[in-house]
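Letter by letter, the chains look like this.
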Amino acid sequence: MLLIVLAYLGGALTILSPCILPVLPFVFSRADQPFVRSGLPLLAGMAITFAAVATLAAVGGGWVTQANQYGRWVAVALLGIFGLTLLLPSFAERLMRPFVSAGNRLTEFAQADGQQVRASSSFLLGIATGLLWAPCAGPILGLVLTGAALRGASVGTTLLLVAYAAGAATSLAVALLIGGRVFAAMKRSLGAGEWIRRGIGAAMLLGVVAISLGLDTGVLARVSTVATGGIEQKLVDSLSGGSMPAKAVNNNLATPAQTTATTDAAAGPAMMRAAAPAEATLSLPVEGELPSLSGAVQWLNSPPLTAQDLRGKVVLVDFWTYSCINCLRSLPYVKAWAQKYRDQGLVVIGVHAPEFAFERNVDNVKRATHDLGVDYPVAIDNNYAIWRAFGNRYWPAHYFIDANGQIRFHHFGEGDYAHSEQVIQQLLAEAGHANAGAMVSDTVANGVQMAADNADMQSPETYLGYERAENFVDLGGESHDRVHTYAAPDQLALNNWGLAGAWKVGAEQATLSASTGTIVYRFHARDLHLVLGAGKDNKPVRFRVSIDGAAPGNAHGSDVMADGTGTVTEQRLYQLVRQSGDVQDHTFTIEFLDPGVQAYAFTFG
């Protein structure tokens with residue numbers, strides 16, 4: 001009952017979310033018509049479709065994602081035609097003439113004056129709108145879908161989703177009833193019915209354009225999280241005692257003895273540096289059951305795997321993302337374990353949970369796994385369904401599951417590889433594979449995958465997007481989401497950084513808007529990396545790196561020549577500095593020689 005209340009309240013909050021904006025023109029297009037025959041069927045169609053699509057998304061796997069995408073485009077086309085009929089009634093009449101025999105003339109949607117309103121047409125419009133509304137989600141819907149992923153298809157799952165949809169439909173109904181009175185008064189007093197109808201048609205076409213460009217699930221969904229996510233999270237915390245009842249694993253937060261997080265765990269997902277060594281013990285209590293893996297939007301190197309498929313196997317689940325330096329440094333060990341113990345029954349599954357928007361691009365993930373030599377199964381967890389099912393909070397995170405499907409151990413962050421391998425060997429021995437052989441924990445890694453010099457690293461991971469930026473210094477102040485000319489100071493304190501030139505600083509990244517631009521950082525570490533992207537047009541961006549005003553020489557990273565030159569060709573992490581000998585404070589400068597580059601985050605090693 002508690003979850004149903006939570007779901008209903010979360011749905012009701014949807015009206016406050018900008019993610020609902022593309023849907024509102026379609027709802028208010030019926031504001032001047034009888035609510036029972038028009039508004040109510042519309043909202044019912046939206047709620048039913050939303051619940052059906054969300055149920056399929058929770059339990060259906062990758063094919064449902066594709067079906068949903070096709071459904072969205074069908075809905076976009078349908079609503080685009082509807083918008084044109086509102087805007088151009090004469091054109092609509094000619095356009096819809098071939099559909100008379102099918103009884104599905106969309107001009108009936110547009111002609112509100114002088115014609116009888118049909119509940120069936122409103123219901124059909126609601127179904128189409130529901131397909132577009134389905135991506136609107138917050139923490140409460142995440143909780144509902146996590147429960148669905150854990151329990152699979154059930155009546156209870158559908159009831160929760162229906163409750164969420166009903167909450168949103170209720171808030172929309174209130175707005176529709178109030179808006180309907182205002183709408184009718186405008187028509188009576190101003191005689192502007194025709195222009196109102198055309199205005200609604202234009203608004204609907206703008207909504208269709210926004211949806212086609214992905215703004216409804218991209219920009220608007222991102223703003224939606226900022227606008228209402230905190231309210232929903234407070235509801236979750238207050239009504240459920242501060243914990244997520246759908247979590248499969250209770251010990252999702254690292255203890256001080258186990259990990260050192262680069263960010264506060266309470267603030268959300270965090271990259272993890274090397275963990276302190278754990279005690280040499282093989283006491284492996286049961287921590288929970290292996291949750292469902294059905295939330296992946298796609299699988300690489302394998303068909304979709306289920307918990308049932310993995311019974312009898314020892315499983316290592318590795319949460320990672322391909323631009324995460326901490327994940328990259330643990331990857332050689334994970335790959336070595338996968339290769340060595342594969343014939344003894346170990347199955348390694350990489351769960352790729354993106355941090356940045358470009359890591360949601362499946363083609364980018366495919367290219368990264370190929371370039372990194374990852375040949376074991378990878379579940380692309382773009383919706384964080386598997387992440388939530390495990391109750392995970394960190395990259396990288398390793399969960400060790402025995403042959404009975406029970407989680408027996410977890411480890412967050414880099415390091416302590418010998419102990420992790422001992423866990424693998426013990427679980428294999430319990431499953432009847434006792435001949436584990438020698439350890440592989442002395443794996444040698446090169447390039448960005450080389451272990452960090454933690455003893456002399458004093459610079460933290462630093463984001464350039466304003467949502468998480470720290471220690472930014474500029475003579476003229478910072479500006480959000482618009483092009484601004486920056487001027488970095490000549491002298492920087494340790495771990496301060498700045499921009500020079502015309503940049504547009506967004507929530508996630510800083511984008512160079514001029515032909516040239518510069519980023520400077522005062523750092524103390526052996527290695528310096530920067531997550532970069534070539535921009536929307538994917539044109540290569542040339543750059544030049546300097547350390548204390550001079551070419552890096554022997555201190556150049558793997559993506560830079562000794563003279564400091566390099567090129568951004570794709571969206572990934574670039575190693576720009578790799579020093580030898582004593583580490584001291586240095587001023588790093590990177591000058592971009594072409595526009596459009598996107599800079600996301602500095603990491604160090």
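Residues numbered from 1 in each chain as written. Predicted model: local features only at pLDDT ≥ 70, side-chain atom pairs only at ≥ 80, totals over all residues. Heavy atoms only, no water.

Student: Please give an account of the side chain of Asn-382 that cites residues and values.
Tutor: Mapped onto the fold, Asn-382 is located in the loop between β6 (378–380) and α14 (385–390). Looking at Asn-382, the relative accessible area reads 10%, which means it is buried. In contact with Asn-382, not counting residues within four places along its chain, are Val-297, His-352, Pro-354, Glu-359, Arg-360 and Val-362. (Helix = DSSP H or I, 4+ residues; strand = E, 2+ residues; numbered from the N terminus. Buried < 20%, exposed > 50% of the residue type's maximum accessible area, 1.4 Å probe, protein only. Contact = heavy atoms within 4.5 Å.)

Student: Quick rundown of the environment of Arg-408? Include the residues and the values.
Tutor: Turning to its location among the elements, Arg-408 is positioned in strand β9 (residues 406–412). Looking at Arg-408, the relative accessible area reads 11%, which means it is buried. Along the backbone, Arg-408 and Pro-285 are 123 residues apart, and their C-alpha atoms lie at a distance of 5.6 Å. Residues contacting Arg-408, with those up to four places away along its chain left out, are Leu-284, Pro-285, Val-286, Glu-287, Phe-400, Asp-402, Leu-427 and Glu-430. Polar side-chain contacts of Arg-408 include one of 3.0 Å to the side chain of Asp-402. (Polar contact = N/O pair within 3.5 Å; in protein donor to acceptor, adjacent residues only side chain to side chain.)

Student: Kindly report on the packing of aromatic side chains, identifying the contributing residues and their values.
Tutor: Within the structure shown, the criterion is met by 25 aromatic pairs. Judged by centre distance (5.7 Å) and plane angle (85°), the rings of Phe-319 and Tyr-399 are edge-to-face. Of this pair, Phe-319 sits in strand β4 (residues 314–320) while Tyr-399 is found in strand β8 (residues 397–401), placing the two residues 80 residues apart along the sequence. In this structure, Phe-319 and Tyr-399 share a single accessibility class: buried. Look at Phe-400 and Phe-409: their rings are 5.5 Å apart centre to centre, the planes differ by 50°, and that puts the pair in the tilted class. Each member of the aromatic cluster is reached from another via a ring pair, and the members are Phe-319, Tyr-384, Trp-387, Phe-390, Tyr-394, Trp-395, Tyr-399 and Phe-412. In this arrangement the basic side chain of Arg-468 is found over the ring face of Tyr-463, its NZ or CZ atom lying 3.8 Å from the centre. Positioned above the aromatic ring of Tyr-574 is the side chain of Arg-572, whose terminal nitrogen or guanidinium carbon lies 3.9 Å from the ring centre. (Phe/Tyr/Trp six-rings, centres within 6.5 Å; stacked < 30°, edge-to-face > 60°. Lys NZ or Arg CZ within 6 Å of the ring centre and 35° of its normal.)

From the geometry alone we can't say anything about function, so treat these as descriptive.
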